[in-house]
Amino acid sequence: MQHVIDILRAHSSPLAPQPTATPPQLPALAGLKGIVFDIYGTLFISGSGDIGVAQNSSRDDLLRAALAENGVLLASEKTALADTFLQLIRQDHASTRARGITYPEVDIREIWSQFLLRHCPGTPPTQDLTERLAARDETATNPIWPMPHLAETLALLREKGLLLGIVSNAQFYTRRLFPAFLEASAWDLGFLRELSVWSYKIREAKPSPRLYQLLAEALAEKGIQPAEILYLGNDMRNDIRPAHQIGFRTALFAGDARSLRLRENDPDPMPAPDAVVTSLDQLPSLLGS
């Protein structure tokens, strides 16, 4: 996966969060044994606001650039790349929904493989190539940079003995953000494999409560209840509501206007989060006795 890390590093540049009008709410939350995080828009600044949402008029050009950088030739230059990609994803989603999953997720490497087989018949869809193409496309459409205070906050939480986990809509390259920008794996930074749920691996995405239920089951094996864990995410519908449904305490991350999702017009009611965090270095103040 070093090639993916190299691509993420080579095509990224510093970003700063955009202030929001949401004030912090930082009550002491007693009895916490761990904190579980969303990634895009919470641990990392997301230029498009979230993974997989960037769609614009230049998407065809960006996809063509990714192919050209990797020496891939199209069978026809008239191929509408963005439309083709969206069609392949929709077909995959439809197949997954037919199996009873309301919020399907793709493995983007499979989408790239299907694309190459259909439109680049002279190019074998190797895993190395599909990963390079996917990582390069992601850096072009969704610039990423660590949130301020990320590394030092994780270090402080580790020192306090808190369990750390992840529940995130993600792709294979998401975990490589940590070594790409912090020069350490997610596991070396304190995150536990067994407390990490990635949407592309289970082929189901937030806001499905199943991701949080899987986390709750992993915690139960350690003798820990959801109410002893704080979940931090930037989206009221995708993060706060389903985590609350499973019994986790919740904190809304309101540190970047690009990705803050209050969902004020959502027809379903949103539970109030237990805290509102506007900077990662506020997290230690939530740790009650």
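Keep in mind that what you see is a predicted model, and the values were worked out from it rather than measured.

Working note: α-helix, 3.6 residues per turn, so residues spaced by three or four point in the same direction. For helix H4 (residues 108–119), which comprises 12 residues, the first-to-last C-alpha distance of 16 Å matches the rise-based estimate of 16 Å (1.5 Å per residue) to within 8%. Listed in full, the buried residues belonging to H4 are Ile108, Arg109, Ile111, Trp112, Ser113, Phe115, Leu116 and His119. In this fold, the buried residues of H4 make contact with helix H2 (59–69), helix H3 (81–97), helix H5 (127–141) and helix H8 (199–202).

Right, let's talk about the packing of H4 against H5 for a bit. Two numbers describe how H4 lies on H5: the axes approach to 9 Å, and their chain directions differ by 110 degrees. Compared by their axis directions, H4 and H5 come out roughly perpendicular. Seen from H4, the contacting residues are Ile108, Arg109, Trp112, Ser113 and Leu116; seen from H5, they are Gln127, Leu129, Thr130, Glu131, Leu133, Ala134 and Asp137. Looking at the contact of H4 with H5 residue by residue, the class counts come to 6 nonpolar, 3 polar and 3 charged.

A few words now on the packing of H2 against H5. Geometrically, a packed helix pair is captured by the angle between its two axes and the distance between the axes. For the pair H2 and H5, the least separation of the axes is 9 Å and the interaxial angle reads 140 degrees. One way to sum up the angle between H2 and H5 is to call them oblique. When the axes of H2 and H5 are compared, the crossing they make is right-handed. The residues of H5 that touch H2, namely those facing Arg59, Leu62, Leu63, Ala66, Leu67 and Glu69, are Leu133, Arg136, Asp137, Ala140 and Thr141.

We now examine unusual backbone geometry. Of note, the amide linkage connecting Lys206 to Pro207 takes the cis form, showing an omega dihedral of 20 degrees. For Pro207, the location among the structural elements is in the loop between H8 and helix H9 (210–220). Residue Arg263 is not a glycine yet carries a positive backbone phi of 55 degrees. Its location among the elements puts Arg263 in the loop between strand S7 (249–253) and strand S8 (275–277).

What follows is about the sheet that holds strand S4 (residues 163–168). Spatially, S5-S4-S1-S6-S7-S8 is the arrangement adopted by the 6 strands of the open sheet, whose pairing is parallel. Looking at which strands have only one partner, the edges of the open sheet turn out to be strand S5 (191–198) and S8. This sheet shows a mean twist of 25 degrees between the axes of neighbouring strands, independent of strand direction. Bridging between S4 and S5 involves 4 bridges; their strand directions are parallel. Across the sheet, residue Leu164 finds its bridge partner in S5, namely Phe191. Together, strand S6 (229–233) and S7 form the strand contacts of helix H10 (residues 236–246), whose direction differs from that of S7 by roughly 170 degrees.

Right, let's get into the pattern of salt bridges. Counted under the stated rule, the structure contains 16 salt bridges. When the shortest N-O distance is used, the salt bridge between Arg132 and Asp128 registers 2.9 Å. Highlighted residues: Arg132 and Asp128, both in helix H5, separated by 4 residues, approximately one helical turn. Take Arg132: its relative accessible area is 29%, and that puts it in the partly exposed class. For Asp128, a relative accessible area of 36% corresponds to the partly exposed category.

What counts, and at which threshold
- Residues numbered from 1 in each chain as written.
- Predicted model: local features only at pLDDT ≥ 70, side-chain atom pairs only at ≥ 80, totals over all residues.
- Heavy atoms only, no water.
- Helix = DSSP H or I, 4+ residues; strand = E, 2+ residues; numbered from the N terminus.
- Expected span 1.5 Å × (residues − 1).
- Buried < 20%, exposed > 50% of the residue type's maximum accessible area, 1.4 Å probe, protein only.
- Contact = heavy atoms within 4.5 Å.
- Axes fitted to C-alpha atoms, helices over the stretch in contact; angles between N-to-C directions.
- Parallel < 35°, antiparallel > 145°, perpendicular 65-115°, else oblique.
- Nonpolar A, V, L, I, M, F, W, Y, C, P; charged D, E, K, R; others polar.
- Left-handed = near helix turned anticlockwise from the far one by under 90°.
- Pairing = 2+ DSSP bridges.
- Salt bridge = Lys/Arg side-chain N within 4 Å of Asp/Glu carboxyl O.

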